[in-house]
Amino acid sequence: MKILFVCLGNICRSPTAEAVFRTIAARELADHELTIDSAGTAGYHVGEPPDRRTSEAAARRGYDLSGLRARMVEPEDFERFDLILAMDRQNLRTLERRAPVQVRERIRLFLDYAPEAGETEVPDPYYGGANGFEHVLDLIEAASRGLCAALRSGQPSSAEGAR
Ligand code: 4NP
């Protein structure tokens, strides 16, 4: 199973999702063969490491973002990944517009896997305060647990598996 997390800049939300899901999946899905990556729909920060506030908030919870570098979503990603998970509707729409028609069913909102969160989008923390980074982590941890449950149940393309 190959999973790609997508936000706008690939320096805050999607690298967080990549690192958190990798950590949780290593514990909960040790017998699954997973490829986990992240990318952005915009190119403002290509080649840069994750945002310092993002990395520090993640590190306080034990997630290591060092070594990650921002990249943009490429056309080949639509062929390569089985599941492409957008952090918000803006990025979901961008991905759906760029993807070949037959690939669109692999694209969904990441928070579909956290129905209990009561929110459907991971908000962009870039221009907000410190609390935004904690909130992003809370949502991403919940959705990562839900995605693990869905993968265990063999229903990765359905949030039903997460319940
Ligand atoms: P991300 O956050 O999409 O979660 O990586 C952002 C990072 C940078 C910008 C916007 C959002 N920016 O406008 O530079």
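Everything below is about the structure shown above.
Residues numbered from 1 in each chain as written. Predicted model: local features only at pLDDT ≥ 70, side-chain atom pairs only at ≥ 80, totals over all residues. Heavy atoms only, no water.

Please clarify how the sheet that holds strand 2 (residues 35-40) should be interpreted in this entry.
Sheet strands line up and pair through hydrogen bonds in the backbone, either parallel or antiparallel. Strands sit in the order 2-1-3-4 across an open sheet of four strands; the sheet is parallel. Looking along the sheet, the strands with just one partner apiece sit at the ends: strand 2 and strand 4 (107-109). For this sheet the average axis-to-axis angle between neighbouring strands, irrespective of direction, equals 25°. Pairing of strand 1 (residues 2-7) with strand 3 (residues 83-86) involves four bridges; the strand directions are parallel. The partner of Phe5 across the bridge, within strand 3, is Leu85. The strands that helix 4 (residues 89-98) touches are strand 1, strand 3 and strand 4; relative to strand 4, the one it contacts most, it runs at about 175°. (Pairing = 2+ DSSP bridges. Helix = DSSP H or I, 4+ residues; strand = E, 2+ residues; numbered from the N terminus. Axes fitted to C-alpha atoms, helices over the stretch in contact; angles between N-to-C directions. Contact = heavy atoms within 4.5 Å.)

Help me understand unusual backbone geometry in this model?
Excluding glycine, residues mostly have negative phi values, and the peptide bonds linking residues are mostly trans. One non-glycine residue, Asn10, lies in the positive phi region at around 60°. As for its placement among the helices and strands, Asn10 is situated in the loop between strand 1 and helix 1 (13-28). When its relative accessible area of 3% is taken as the criterion, Asn10 is described as buried. (Buried < 20%, exposed > 50% of the residue type's maximum accessible area, 1.4 Å probe, protein only.)

What's the story with helix 1 in this structure? I'm lost.
Look at helix 1: 22 Å from first C-alpha to last across 16 residues, which is about the 22 Å you get at 1.5 Å a residue. Within the sequence span of helix 1, burial applies to Arg13, Ser14, Pro15, Thr16, Ala17, Glu18, Ala19, Val20, Phe21, Ile24 and Ala25. Looking at the buried side of helix 1, the elements it contacts are strand 1, strand 2, helix 2 (52-60), helix 4 and helix 5 (130-152). (Expected span 1.5 Å × (residues − 1).)

Looking at this model, I keep getting lost on the pairing of strand 2. Mind explaining?
For a regular strand, the rule is simple: side chains alternate between the two faces of the sheet. Counting buried residues along strand 2, five of its six residues qualify, which places the element largely inside the surrounding structure. The pairing of strand 1 with strand 2 spans six bridges and is classified as parallel. Along strand 2, the bridge assignment pairs Leu4 with Asp37. Each parallel crossover has a hand, and the one from strand 1 via helix 1 to strand 2 is right-handed. (Right-handed = clockwise from strand over helix to strand, strands pointing away.)

What is the right way to look at the packing of aromatic side chains in this model?
To describe a pair of aromatic rings, one takes the distance between the centres and the angle between the planes. For the coordinates displayed, the defined rule picks out three aromatic pairs. Residues Phe5 and Phe110 carry aromatic rings whose centres are separated by 5.0 Å and whose planes lie at 65° to one another, so their mutual orientation is edge-to-face. Here the residue Phe5 occupies a position in strand 1, and Phe110 occupies one in the loop between strand 4 and helix 5, the gap between them amounting to 105 residues. As far as the burial class goes, Phe5 and Phe110 line up, both buried. Consider the rings of Tyr126 and Tyr127, whose centres lie 4.8 Å apart with planes at 85°: the pair is edge-to-face. By relative accessible area, which is 25% here, Tyr126 ends up partly exposed. Through a chain of ring-to-ring contacts, the aromatic side chains of Phe5, Phe21 and Phe110 assemble into a single cluster. Stacked on the ring of Tyr126, the Lys or Arg Arg53 has its end atom at 5.4 Å from the ring centre. (Phe/Tyr/Trp six-rings, centres within 6.5 Å; stacked < 30°, edge-to-face > 60°. Lys NZ or Arg CZ within 6 Å of the ring centre and 35° of its normal.)

What exactly am I supposed to notice about the site of the ligand here?
Lining the immediate environment of the ligand, one finds Cys7, Leu8, Gly9, Asn10, Ile11, Cys12, Arg13, Tyr44, His45, Asp124, Tyr126 and Tyr127. One of the side-chain N or O atoms of His45 is found 2.7 Å from an oxygen atom in the ligand. In isolation the ligand exposes 350 Å². Once the protein is present, 93% of that is buried. Here the shell around the ligand is composed, by residue class, of seven nonpolar, three polar and two charged. (Near = heavy atom within 4 Å. Polar contact = N/O pair within 3.5 Å; in protein donor to acceptor, adjacent residues only side chain to side chain. Areas by Shrake-Rupley, 256 points an atom, 1.4 Å probe, with all protein chains shown as cover. Nonpolar A, V, L, I, M, F, W, Y, C, P; charged D, E, K, R; others polar.)

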